[in-house]
Amino acid sequence: MQYQTFRGSNVNEALAAVRAAFGPEAVIDSTRYVTNGRRGAMGHSYVEVSAAPPVEVKAPFAAALTAPMPAAAPARSSAARTASSTRTIPFAQAVNPVHEERRSDPSLGFDAGAIEQELRALRALVDELTAGRTPRDQALTQLRAYGIEGDYARQILKGKGRTPSAPSELRGFLRSALASELKVVSGLLETSGPRLLACVGPTGAGKTTTLAKLAARARLDLGVSVGVISLDTHRVGASEQWKRYARLLGIPFHVATDAASFARAEAEIDCELLLVDTPGRSPSDETDSWMLPECLERVTEREIAVLAVLPAWLTARDASRVLNTYKTPAPAAVVLTKLDEASTVGGVLQAAAAGELPIAFLCGGPRVPDDLADARVESVLDAVFGKPS
Ligand SMILES: Nc1nc2c(ncn2[C@@H]2O[C@H](COP(=O)(O)OP(=O)(O)O)[C@@H](O)[C@H]2O)c(=O)[nH]1
Ligand SMILES: [Mg+2]
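Everything quoted here is computed from the prediction, not taken from an experiment. (Residues numbered from 1 in each chain as written. Chains lettered and ligands numbered in written order. Predicted model: local features only at pLDDT ≥ 70, side-chain atom pairs only at ≥ 80, totals over all residues. Heavy atoms only, no water.)

Asks: How would you explain the packing of helix α6 (residues 135–145) against helix α8 (residues 167–179) if you had to name every residue and give the values?
Replies: For the pair α6 and α8, interaxial distance at closest approach is 11 Å and the crossing angle is 70°. Classified by the angle their axes make, α6 and α8 are roughly perpendicular. Note that α6 runs across α8; the crossing there is right-handed. Across the interface between the two elements, Q138, A139, Q142 and L143 of α6 pack against L170, R171 and L174 of α8. Of the residues that constitute the contact of α6 with α8, the class distribution is 4 nonpolar, 2 polar and 1 charged. (Axes fitted to C-alpha atoms, helices over the stretch in contact; angles between N-to-C directions. Helix = DSSP H or I, 4+ residues; strand = E, 2+ residues; numbered from the N terminus. Parallel < 35°, antiparallel > 145°, perpendicular 65-115°, else oblique. Left-handed = near helix turned anticlockwise from the far one by under 90°. Contact = heavy atoms within 4.5 Å. Nonpolar A, V, L, I, M, F, W, Y, C, P; charged D, E, K, R; others polar.)

Asks: With reference to specific residues and values, describe the confidence of the model for the chain.
Replies: Of the residues in the chain, 78% reach a pLDDT of 70 or more, and the chain-wide mean stands at 81. Across residues 56–91, where pLDDT falls below 50, the model places 41 contacts with residues more than four positions away in sequence or in other chains. The low-confidence segment residues 97–109 (pLDDT under 50) makes 30 contacts with residues lying over four places distant or belonging to another chain. (pLDDT = per-residue confidence, 0-100.)

Asks: How would you summarise the site of ligand 1 if you had to cite specific residues and measurements?
Replies: Neighbouring residues of ligand 1: 18 residues in total, closest G204, K207, T209, R235 and D340. Here ligand 1 has 580 Å² of accessible area as a free molecule, and 85% of this is covered by the chains. Counting only elements with at least two residues in the shell around ligand 1, the list comes to α2 (61–65) and α9 (207–221). Counting residues per element, the shell around ligand 1 draws most heavily on α9, at 3 residues. (Near = heavy atom within 4 Å. Areas by Shrake-Rupley, 256 points an atom, 1.4 Å probe, with all protein chains shown as cover.)

Asks: Would you mind going over helix α15 (residues 377–385) in detail, with residue names and values included?
Replies: The buried fraction of α15 amounts to 7 of the 9 residues, a majority that puts the element mostly inside the structure. Regarding α15, the residues found buried are S379, V380, L381, D382, A383, V384 and F385. In the segment just after α15, G386 is the residue with positive phi, at about 85°. (Buried < 20%, exposed > 50% of the residue type's maximum accessible area, 1.4 Å probe, protein only.)

Asks: Any chance you could break down the sheet that holds strand β4 (residues 195–200) for me, citing the residues and the numbers?
Replies: Read from one edge to the other, the open sheet built from 8 strands follows the order β6-β5-β7-β4-β8-β9-β10-β11, with strand pairing classed as mixed. In this open sheet, the two strands that pair with only one neighbour each are β6 (253–255) and β11 (373–374). As judged from the 5 bridges shared by strand β8 (residues 303–311) and strand β9 (residues 333–337), these two strands associate in the parallel manner. Opposite V309, over in β9, you have V335 as the bridge partner. Running at roughly 170° to β9, helix α14 (residues 346–354) makes contact with β8, β9 and β10 (359–362) of the sheet. (Pairing = 2+ DSSP bridges.)

Asks: Now, about the packing of aromatic side chains: what can you tell me, with residues and values included?
Replies: Considering all chains together, one arrives at 5 aromatic pairs under this definition. On the basis of an interplanar angle of 75° and a centroid distance of 4.8 Å, the ring pair of Y146 and F385 is categorised as edge-to-face. One end of the pair, Y146, is in the loop between α6 and α7 (150–157); the other, F385, is in helix α15, and 239 residues separate them in sequence. Residue Y146 shares its accessibility class with F385, and that shared class is buried. Taking 6.1 Å as the distance between ring centres and 20° as the angle between the ring planes, the aromatic pair formed by W242 and F253 counts as stacked. Within this pair, whereas W242 is found in helix α10 (residues 238–249), its partner F253 is found in strand β6, the two being separated by 11 residues in sequence. Of the two residues examined, W242 and F253, each falls in the buried class. Among the aromatic residues, those joined into a ring-pair cluster are W242, Y245 and F253. (Phe/Tyr/Trp six-rings, centres within 6.5 Å; stacked < 30°, edge-to-face > 60°.)

Right, dumping it as structure tokens:
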């Protein structure tokens, strides 16, 4: 790829020059803030962007979101039957009708081109805004750009030694500072004994998709017996979607409309891992048709963990507001979804830290079961800061 260098007195000016030359889809390789380090009349600084003309994008992210539902594809039901009876095609292929590789990175897609470009431009902008301020102030501004502010930002810097002033060193410093504050929990699926995992969170956060991923992982990869009960009777098509997943995986599925029918379903399903899907609940929803507490009260023979499912792009304030609606039963951990859509992830981490909740799983796309990973400190840091170059 032929890169050219563009300069401007600030990021916007340099990017405008890139756009004028190569259009809005230009590929940005790097953005750097250059200064001679002097102030006043002797000072000289500019922003340099290395960019190339656009290349054909493999498959836009929107394609993943708008992929037809399995039921809509006429050929899928026979493919699905094949999957459940003989497993001649992988589960993921049967569930996700568009299964070709959507990104260059098959893991979680954190480094998808568009988000990387946005992050680079954001970093350069922050470098520019923070030039000439104390290293600590620069660090706080950087953290704010990643979605982390207030007490949590100060806590991250506290006791971590001298804050470096060079922007390139600062990012590494913040990465290790955040690493020592992050709490993750992994291996939730691998524990043994009768247990129940319920997902709670706002509508559209990815609860059903996450549970389908967990069900597939537990059943197909770990050989755990799984059952599902859905309390979501509100959303059109919700139980049909689950019936399809359940048929493909060969697992029992029930819908419960109240605590009594939940108890009956729970007694009937013979499985190690019971997954419970719930309807979305908005933070402003005062009307309580929320059945989960009553349903879980009756579960005596299983270890229970509630997972709060939060889109990674929520701000700290919105994520905290959501977490506050789920006090009873209290979540044990957070699942970060939609990492592939997020350019800042720090807000949700801040809210999780405020609620003393570890991160349990990361979801970087809608594909069942591929786009699911156990949370690890390094992968959470990659989601916040981008992968180290
Ligand atoms: N891009 C992306 N989409 C996701 C992810 N998780 C779920 N989705 C999509 O988000 C939409 C809502 O997900 P769903 O599981 O039904 O949300 P729920 O209302 O919380 O159960 C669906 O179109 C999913 O395919 C993810 O990690 N990334
Ligand atoms: Mg749902």
